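Here is what each chain is made of, one letter per residue.
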Amino acid sequence: NPFAGLVNHLRASWLSGKTRPMAYRIAQLEALGHFLDDKKQQILEATASDLGKAPFEAELSEILLCKNELHETLNNLSHWMKDEQVDRTLAMQLDSAFIRKDPYGVVLIIAPWNYPIQLFLVPLIGAIAAGNCVIIKPSEVSKKTEKLVAEALLGYLDKDCFAVVTGGVPETTRLLENKFDYIFFTGSPPVGRIVMTAAAKHLTPVTLELGGKNPCYVSDTCDVTNVARRVAWGRFFNAGQTCIAPDYLLCTVEMQDKLLPALRKAIGDFYGPNPQESPDFGRIVNDKQFQRVQRLLGSGRVAIGGQMDEAERYIAPTVLADVQPSDPIMQEEIFGPILPIVIIANMDEAIDFINSRERPLAVYAFSSNDKVVSQVLERTSSGGFCGNDTLMHVTLTSLPFGGIGNSGLGTHHGKFSFDTFSHRRGCLKRGMGREPLNGPRYPPYSQQKFGVIRATSKVTRKNDCTLL
Amino acid sequence: MERMQQIVGRARAAFNSGRSRPLEFRIQQLKALERMVQEKEKEILAALKADLNKSGPGAYGHEILGVLGELALAMEKLPSWAAPQPVKKNLLTMRDEAYISYEPLGVVLVIGAWNYPFVLVMQPLIGAIAAGNAVVVKPSEVSENTARLVAELLPQYLDKELYPVVTGGVPETTELLTQRFDHILYTGNTAVGKIVMAAAAKHLTPVTLELGGKSPCYIDKDCDLAVACRRITWGKYMNCGQTCIAPDYILCDPSIQSKVVENIKVTLKEFYGEDVKSSPDYERIVNKRHFKRVLGLLEGQKIAHGGETDEASCFIAPTILTDVSPESKVMEEEIFGPVLPIVTVKSVEEAIEFINRREKPLALYVFSNNKQLIKRVISETSSGGVTGNDVMMHFFLSTLPFGGVGHSGMGAYHGRCSFETFSHRRACLIKDLRMESTNKMRYPPGSQKKI
């Protein structure tokens, strides 16, 4: 077991209690902030090299978003760490009842390649805030970023309590043989199953942030220009390699006709006449993914874009019209800059279409009619939902971010990260006195005794004291 | 085995029809459950007596009372629990609607245990119904009378398709676990917990595992021993020790060991009289297999009190073992029987170290007049839950999440926590299709000014 030594070392540090005091956690979190500040340029360069990530996008998604999470956590940590007092029964009025937030211990965070800093750093913030030791396993696919994290991150964090493990599938498989106290995984559903199966051997709780095909319904009553801009932005950000990107569009044939010119204009506004020359448009991460996405182009008809350059792993912002549900592009998560449009007759058909498939990470609905948006929300199920925009619901740290069914289990962001990495321990502290009050519960039992118990075991509001 | 596929398939079709979602429907089902418990109280108590020799008042107090409490709580609070929760917005979303919507997960599987066979299927069922799900209920086959009764009664009171009961043993449960569920709540032991989680992993099904372990009970020299021992005796020997949160073993200073034994002996007489075997309030071991298992734990031990057994009736007297070695068999596995080992430790540090060297337990107990000591023990250990200066009582407060950590389990339920366990918290952001100007900053072409 090549990682046993490392895991044991971290576990020893954990047992020493080092990571528990608030001051320690804050120091580590502030150091993470310095990492983001000091290494900003290297992060932009590494992600540009790995994914052709536009510096503009990288600043927003890899730096700014992480800093927001960091500040939210630093601002609220002392409040989050406090014992939560709970309402008590009449019989327990003089007792102390609270929920204690305990760290789990040694946590493993496995991150993917598409937002290679954000997707390990945001969970890491939660894990540190909750008082754990952490092993970080960045993705080997985003090679330059992996190298940067492996070389630079531990210069900022306590090496006794935090570690970075690099490598591919064989290394991750060996790593997963060890016992962790929590595993946080972001990636695909098939690998999510492998991670959860490995976790089951040790009864390790998990959060799995997976993916799926996020549907985007556009009703006939809407501002086409604005819809096109918001959808194009969400679809083509990071060259489509975003777990919450609108994966496919559902609309009537009339709306498709209106949307296509609007989408064309939006793409032109964003990336210019030749997106390959725009500094703001990304690339596919590697050859394997490029070939996979390329194969999906043979669906429907290319209405916008479709150009490719294999040497650069460039695929133009593309819209496919008249796509059939049975087409290859509708069988897997696209994870590329292609937006297929599937024609439906009306909202009900769109809802049925969405509900006949695996529950996605996000559902999007566009309409100037509130009722339409509400209907789609109420009649579908997904990790999250955004009406009249794309992606934005995950930028609000007060909303939980996570999937359901095939798109994942558990949540994080903001306080939800802290809660995810904490064990909520129910605690009741009683006094030794007033023993006669316990009389009714002891044998010999009688109906009369249980009458008393019933009367005194209803939960009353925290501040009421109805005793005497 | 298509039977399982059909049952779960029907439950899923029933869920997809949407009828379990309206709050009125859920409350109506919960009311029906309440009627069932009230109307069939005699039958329920008879089943519990047949399965575990629980006395009427005992069974009422330990199983029925809790169920009625959860039902009343759920019916009263459901509207507030199920209401969308608005969340704090930022500058960019100021004019938008942002909230968390509580939605049902779909089809939930509840697997019960045999030691409190009624409450351990009912309490999760209540939470799952309240959250709007369809629920497949699988009571433990070991407590066969209660399983049979639950299978008979639920269809008489509840929607038959939404809340089917599946009976059977290991082969039936294994087949059931190949089906796809949207949440599984399992109560039982660690070994089977791993099997359940592995089966759930195939479908990426979230799980709540209420397992067990050895719940330690530390008695400080500075405490009222009479009171402490009475409370411990109550918790330890309730249901013949077959309680997941029973104090499994005692840690105390050698100087108070014999006093602890004496106090427990006095309390045992108070509770069960001179002849424990003839007390209507003392239960029996559930079956011969467990009887033999618990008996085996006594081998080579110093029996300070008790030790009498009667295989024919699966009777084991309340037993105390002293000077127990940490390496002995009785200290390896969860006892789940009326045998209380005392392991001596010289200090609270030693006790904490002892506890931390072992798997995280479901419950932890500490008795002391010294508040600082109690604080310390809680802060320096980990466990599902804690009761200080008493045992098991944290279980009875519905506002505390009840669940384990590490080998004692994952997830929690009871009260509102049940509702949340069986719900999906969906993040919702509703924006306006106008106001496009606020979005300009995020669109390419990028610029430092925009950043």
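Here the structure is a predicted model, which is why all the values come from computation and not from measurement.

**Q** Is there a simple way to explain the overall build of chain B in this structure?
**A** Check the secondary structure of chain B and you find 14 helices and 17 strands. A globule of 451 residues ought to have a C-alpha radius of gyration of about 22 Å, and chain B, at 25 Å, matches this closely. For chain B, the C-alpha atoms occupy an extent of roughly 80 × 55 × 35 Å along the three principal directions. For chain B, buried positions account for 62% of its 451 residues. Partitioning the intrachain contacts of chain B with sequence separation of at least 6 by distance along the chain shows that 72% fall at a separation of at least 24. Accessible surface, chain B as shown: approximately 16400 Å² in total, 53% of it carbon and sulfur. Here chain B contributes 54 positively and 51 negatively charged side chains, and the mean placements of these two sets differ by 8 Å.

**Q** What's the story with the confidence of the model for chain A in this structure? I'm lost.
**A** Detailed reading of the predicted coordinates is not advisable wherever pLDDT is low. A residue-level look at chain A finds 98% of positions with pLDDT of 70 or above and a mean pLDDT of 95. Residue range residues 463–468 of chain A is modelled with pLDDT below 50. Its contacts to residues more than four positions away, or to other chains, number five contacts.

**Q** Would you explain helix 13 (residues 371–380) of chain B in this entry?
**A** For an α-helix, 3.6 residues make a turn, and residues three or four places apart therefore share a direction. All names here are of chain B. Burial in helix 13 covers these residues: Leu373, Ile374, Val377 and Ile378. Burial along helix 13 is one-sided: seen end-on, the buried residues are contained in an arc of 135°. Facing away from the buried side of helix 13, by more than 90 degrees, are the exposed residues Lys371 and Gln372. If you check the start of helix 13, you find a side-chain oxygen 2.9 Å away from the backbone N of glutamine 372, and it comes from asparagine 370.

**Q** Can you help me understand the pattern of salt bridges in this one?
**A** Close approach of charged atoms lets side chains of opposite charge pair. Residues and elements named next belong to chain A. In the structure shown here, the tally under the stated rule is 59 salt bridges over all chains. Across the pair glutamate 151 and lysine 147 runs a salt bridge whose closest N-O atoms are separated by 3.2 Å. On the criterion of helical spacing, the pair formed by glutamate 151 and lysine 147 is a turn pair, its members being four residues apart in helix 6 (residues 143–152). Here lysine 265 ties to aspartate 269 by a salt bridge, and the two come within 3.0 Å at their closest N and O atoms.

**Q** Mind showing me how you'd approach the UniProt feature "active site" (unreviewed entry) in chain B here?
**A** Residue and element names in this part refer to chain B. What UniProt calls "active site" (unreviewed entry) maps, in this numbering, to Glu210 and Cys244. These annotated residues cover 35 residues of sequence, but their C-alpha atoms sit close together, with the largest distance between any two at 8.9 Å. Along the chain, glutamate 210 turns up in strand 6 (residues 207–210). For glutamate 210, a relative accessible area of 3% puts it in the buried group.

**Q** Before we go on, may I ask you to explain the domain arrangement of chain B in this structure?
**A** Residue and element names in this part refer to chain B. Each assigned domain of chain B is listed here: domain 1 (1–211 + 409–429) and domain 2 (216–395). Measuring from the centre of the C-alpha atoms in domain 1 to the corresponding centre in domain 2 gives 31 Å. Every contact between the two is made by 13 residues of domain 1 and, on the other side, 16 residues of domain 2. Where domain 1 abuts domain 2, roughly 1400 Å² becomes buried across the two surfaces, and 56% of that area is made up of carbon and sulfur atoms. The largest contributions to the domain 1 side of the interface with domain 2 come from Asn53, Trp114 and Tyr116, which together make up 33% of the buried area. Where domain 1 touches domain 2, the interface holds zero salt bridges. Summed over the shared surface of domain 1 and domain 2, the number is seven residue pairs in polar contact (both at pLDDT 80 or more). Considering only residue class, the side of domain 1 that touches domain 2 consists of five nonpolar, six polar and two charged.

**Q** Could you clarify how one ought to interpret the sheet that holds strand 3 (residues 106–110) of chain A in this entry?
**A** What links the strands of a sheet is backbone hydrogen bonding, and the strands pair in either a parallel or an antiparallel sense. All names here are of chain A. Taking strand neighbours across the sheet as the criterion, the six strands line up as 5-4-3-6-7-17 in an open arrangement whose pairing is mixed. The strands lining the two open edges of the sheet, one partner per strand, are strand 5 (162–164) and strand 17 (408–409). Relative to strand 7 (residues 206–209), strand 6 (residues 182–186) runs parallel, the two sharing four bridges. Residue pairing for strand 7: isoleucine 183 is matched across the bridge by valine 206.

**Q** What am I meant to see in the UniProt feature "active site" (unreviewed entry) in chain A here?
**A** Residues and elements named next belong to chain A. Using the residue numbers shown here, the UniProt feature "active site" (unreviewed entry) corresponds to Glu209 and Cys243. Here glutamate 209 is to be found in strand 7. Ignoring any residue separated from it by four or fewer positions in sequence, one finds glutamate 209 in contact with Phe184, Phe185, Thr186, Gly187, Phe401, Gly402, Gly403, Ser407, Gly410, Thr411 and His412. Of note, cysteine 243 is situated in the loop between helix 9 (224–236) and strand 9 (248–251). Ignoring sequence-local partners within four residues, the contact set of cysteine 243 consists of Asn114, Leu210, Asn214, Glu333, Phe335, Leu361 and Phe401.

**Q** For this particular structure, what's the right way to read the interface of chain B and chain A?
**A** Reports of interface size often rely on the accessible area that becomes lost once the parts have come together. Tallying the contact residues gives 104 residues for chain B and 101 residues for chain A. Between chain B and chain A, the buried area comes to about 8300 Å², and carbon and sulfur atoms account for 60% of it. In terms of surface lost to chain A, no three residues of chain B exceed B:Leu204, B:Leu433 and B:Arg442, which account for 11% of the buried area on that side. Our count for the chain B to chain A interface comes out at 12 salt bridges. B:Arg180 is paired through a salt bridge with A:Glu358; the nearest N and O atoms lie 2.9 Å apart. Looking at which element gives the most residues to the side of chain B that touches chain A, the answer is helix 8 (residues 190–202) of chain B, with eight residues. Among the residues forming the side of chain B that touches chain A, the class breakdown is 46 nonpolar, 32 polar and 26 charged. Pairing of strand 16 (residues 384–387) of chain A with strand 17 (residues 423–430) of chain B involves four bridges; the strand directions are parallel. By the bridge assignment for strand 17 of chain B, A:Cys386 is matched with B:Leu429.

**Q** Can you walk me through unusual backbone geometry in this structure?
**A** Note: most peptide bonds trans; most residues except glycine with negative phi. Of note, the amide linkage connecting A:Pro443 to A:Pro444 takes the cis form, showing an omega dihedral of -5°. Residue position: A:Pro444 is located in the loop between strand 18 (422–429) and helix 15 (447–456). The omega torsion across B:Pro444 and B:Pro445 is -5°, close enough to zero to call that bond cis. Looking at the element boundaries, B:Pro445 is found in the segment after strand 17. Even without being a glycine, B:Asp323 presents a positive backbone phi close to 50°. Within the element layout of this structure, B:Asp323 appears in the loop between strand 12 (319–322) and strand 13 (339–344). Judged by relative accessible area, which is 42%, B:Asp323 ranks as partly exposed.

Reading the values: rules and limits
- Residues numbered from 1 in each chain as written.
- Chains lettered and ligands numbered in written order.
- Predicted model: local features only at pLDDT ≥ 70, side-chain atom pairs only at ≥ 80, totals over all residues.
- Heavy atoms only, no water.
- Helix = DSSP H or I, 4+ residues; strand = E, 2+ residues; numbered from the N terminus.
- Rg over C-alpha atoms; globule rule 2.2 N^0.38 Å.
- Buried < 20%, exposed > 50% of the residue type's maximum accessible area, 1.4 Å probe, protein only.
- Contact = heavy atoms within 4.5 Å.
- Areas by Shrake-Rupley, 256 points an atom, 1.4 Å probe, with all protein chains shown as cover.
- Lys, Arg positive; Asp, Glu negative; His and termini not counted.
- Charge placed at Lys NZ, Arg CZ, Asp CG, Glu CD.
- pLDDT = per-residue confidence, 0-100.
- Arc of directions from axis to C-beta.
- Polar contact = N/O pair within 3.5 Å; in protein donor to acceptor, adjacent residues only side chain to side chain.
- Salt bridge = Lys/Arg side-chain N within 4 Å of Asp/Glu carboxyl O.
- UniProt positions renumbered as here; feature names shortened; annotations may be inferred.
- Domains from an automatic or database assignment.
- Buried area = accessible area lost by both parts, 1.4 Å probe.
- Nonpolar A, V, L, I, M, F, W, Y, C, P; charged D, E, K, R; others polar.
- Pairing = 2+ DSSP bridges.

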